[in-house]
Amino acid sequence: MPELPAFPFPTDHALRPSPRLGDARGDRAPVLVQPAYGAPAWLVTRHADARHVLSSPAFGRDPRRAGIADEDIARITPVDITVQTMVSTDPPDHTRVRRFVFHTFTPRRIERLRPSTERIADALVDAMVEQGPPADLFESFGLALPIQVICDLLGVPTADRSRFTAWTDILIDAGGLSPDEVLASIDEMNDYLADQADRRVQNPTDDLIGALVRARVEGDRLSRDEMVNLIRTLLAAGHETTASQIPNFVFLLLRTGDTGSSPPAPSWSPRPSRSSCATSR
Ligand code: HEM
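Read on for an overview of the structure. (Residues numbered from 1 in each chain as written. Predicted model: local features only at pLDDT ≥ 70, side-chain atom pairs only at ≥ 80, totals over all residues. Heavy atoms only, no water.)

### What about the side chain of threonine 104?
Link 1 in the chain: Within the secondary structure, threonine 104 is located in the loop between α3 (93–102) and α4 (107–112).
Link 2 in the chain: Taking relative accessible area as the criterion, threonine 104 reaches 13% and is therefore assigned buried.
Link 3 in the chain: Once residues lying within four places of it in the same chain are set aside, the contact partners of threonine 104 are Arg109, Ile110, Leu153 and Leu208. (Helix = DSSP H or I, 4+ residues; strand = E, 2+ residues; numbered from the N terminus. Buried < 20%, exposed > 50% of the residue type's maximum accessible area, 1.4 Å probe, protein only. Contact = heavy atoms within 4.5 Å.)

### What about the packing of aromatic side chains?
Link 1 in the chain: Evaluation of the coordinates by the stated rule reveals four aromatic pairs.
Link 2 in the chain: Between phenylalanine 7 and phenylalanine 9, the ring centres sit 5.4 Å apart and the planes meet at 85°, which makes this aromatic pair edge-to-face.
Link 3 in the chain: Ring centres of phenylalanine 164 and tyrosine 192 lie 5.5 Å apart, and the angle between their planes is 75°; this geometry places the pair in the edge-to-face category. With a gap of 28 residues between them, phenylalanine 164 in helix α8 (residues 161–172) and tyrosine 192 in helix α9 (residues 179–202) connect regions that are remote in the sequence.
Link 4 in the chain: Phenylalanine 164 sits in the buried class, given a relative accessible area of 0%.
Link 5 in the chain: With relative accessibility at 10%, the residue tyrosine 192 sits in the buried group.
Link 6 in the chain: One aromatic cluster in this structure is built from Phe164, Trp167 and Tyr192. (Phe/Tyr/Trp six-rings, centres within 6.5 Å; stacked < 30°, edge-to-face > 60°.)

### As for the nonpolar core
Link 1 in the chain: With 29 residues, the main nonpolar core has Leu154, Val156, Phe164, Leu193, Leu212 and Leu235 as its most contacted residues.
Link 2 in the chain: For this core, the secondary structure elements donating two or more residues are α3, α7 (144–154), α8, α9, α10 (208–219) and α11 (224–237).
Link 3 in the chain: Setting aside its immediate chain neighbours within four residues, phenylalanine 164 contacts Ile147, Cys151, Val156, Pro157, Tyr192, Leu235 and His239.
Link 4 in the chain: If you look at the next biggest cluster of nonpolar residues, it comprises nine residues, including Leu124, Phe141, Ala144 and Leu145. (Core = buried A, V, L, I, M, F, W, Y, C linked by side-chain atoms within 4.5 Å.)

### What to know about the sheet that holds strand β1 (residues 6–7)
Link 1 in the chain: Here three strands make up an open sheet; going across it, the order is β1-β2-β3 and the pairing mixed. Two strands in the sheet have a free side with no partner beyond their single neighbour: β1 and β3 (41–43).
Link 2 in the chain: Pairing geometry for β1 and strand β2 (residues 31–35), over two bridges, is parallel. Bridge pairing in β2 links alanine 6 to glutamine 34. (Pairing = 2+ DSSP bridges.)

### Quick word on the environment of arginine 161
Link 1 in the chain: Relative to the elements of secondary structure, arginine 161 occurs in helix α8.
Link 2 in the chain: Here arginine 161 falls in the partly exposed class, since its relative accessible area comes to 25%.
Link 3 in the chain: Linking arginine 161 and alanine 144, residues 17 residues apart in sequence, is a C-alpha distance of 9.0 Å.
Link 4 in the chain: Once residues within four sequence positions are removed from consideration, arginine 161 is found in contact with Glu139, Leu143, Ala144 and Ile147.

As structure tokens, then:
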């Protein structure tokens with residue numbers, strides 16, 4: 001068999017997707033690729049294919065249901081970080097676990113977070129302007145905004161944010177750590193979050209962890225491990241994705257035309273005004 005293309009495809013520009021992703025959308029898709037770890041995988045990039053895979057009951061996310069739990073499953077991290085989370089679960093377990101947070105993420109409930117999110121965004125932009133150029137958009141805004149929002153939602157102290165980001169960084173990119181070291185980091189994060197949940201048994205809170213603890217105590221339909229894994233998923237998925245996308249979006253907005261060229265140096269000079277992204281409707 002010819003050597004398979006390595007995935008993720010290499011790119012010569014950190015902020016630009018590899019041109020090979022575009023190739024993969026051509027007639028040859030789906031493409032068989034070799035991910036960083038595990039067995040080869042089919043890479044699906046065309047919209048119609050993605051819709052089919054994501055909506056057809058013939059496909060699933062639970063390796064146990066597919067009978068391949070013991071296989072070296074394709075992944076981009078040394079250990080499968082989705083194990084025992086809703087990301088690797090199919091209905092009915094997925095539906096049961098998801099129901100515990102469904103009400104928190106309805107459009108109406110999320111809309112209620114707008115004023116506080118805008119306040120956080122405004123304060124972060126003001127602080128960047130105050131400090132003057134150059135600014136680190138990722139550290140000062142891209143990461144700071146979602147981590148504050150998800151910490152407030154869950155009810156975990158923002159003061160511990162460096163621990164959350166360090167744990168999440170290891171989840172996403174082990175950076176040369178061995179599988180055992182990655183698993184130890186996940187255990188550490190789980191212990192921290194389990195402790196946060198335990199405190200709420202005696203001292204109930206109105207945050208999302210408090211609501212999960214109450215739902216568990218009252219209904220006992222969510223195991224302790226499932227609850228901790230759910231909180232970990234929300235904490236990690238709730239900030240890393242947005243943190244990496246905000247600078248990408250700003251980069252795209254700064255790009256002129258569709259030339260693929262690097263963004264020009266900003267022609268504006270920072271002034272103490274509100275950010276448009278924080279106040280636009
Ligand atoms: C730009 C921001 C975001 C992007 C690009 C993104 C992307 C994704 C993708 C692609 C999946 C599907 C993963 C899979 O099925 O393997 C996913 C699932 C998920 N995301 Fe996000 N996400 C973002 C923001 C968030 C935020 C802010 C939260 C939490 C507050 C969150 C929580 C979750 C959860 C819990 C799942 C699993 C859902 C399920 O299994 O039903 N994500 N996200």
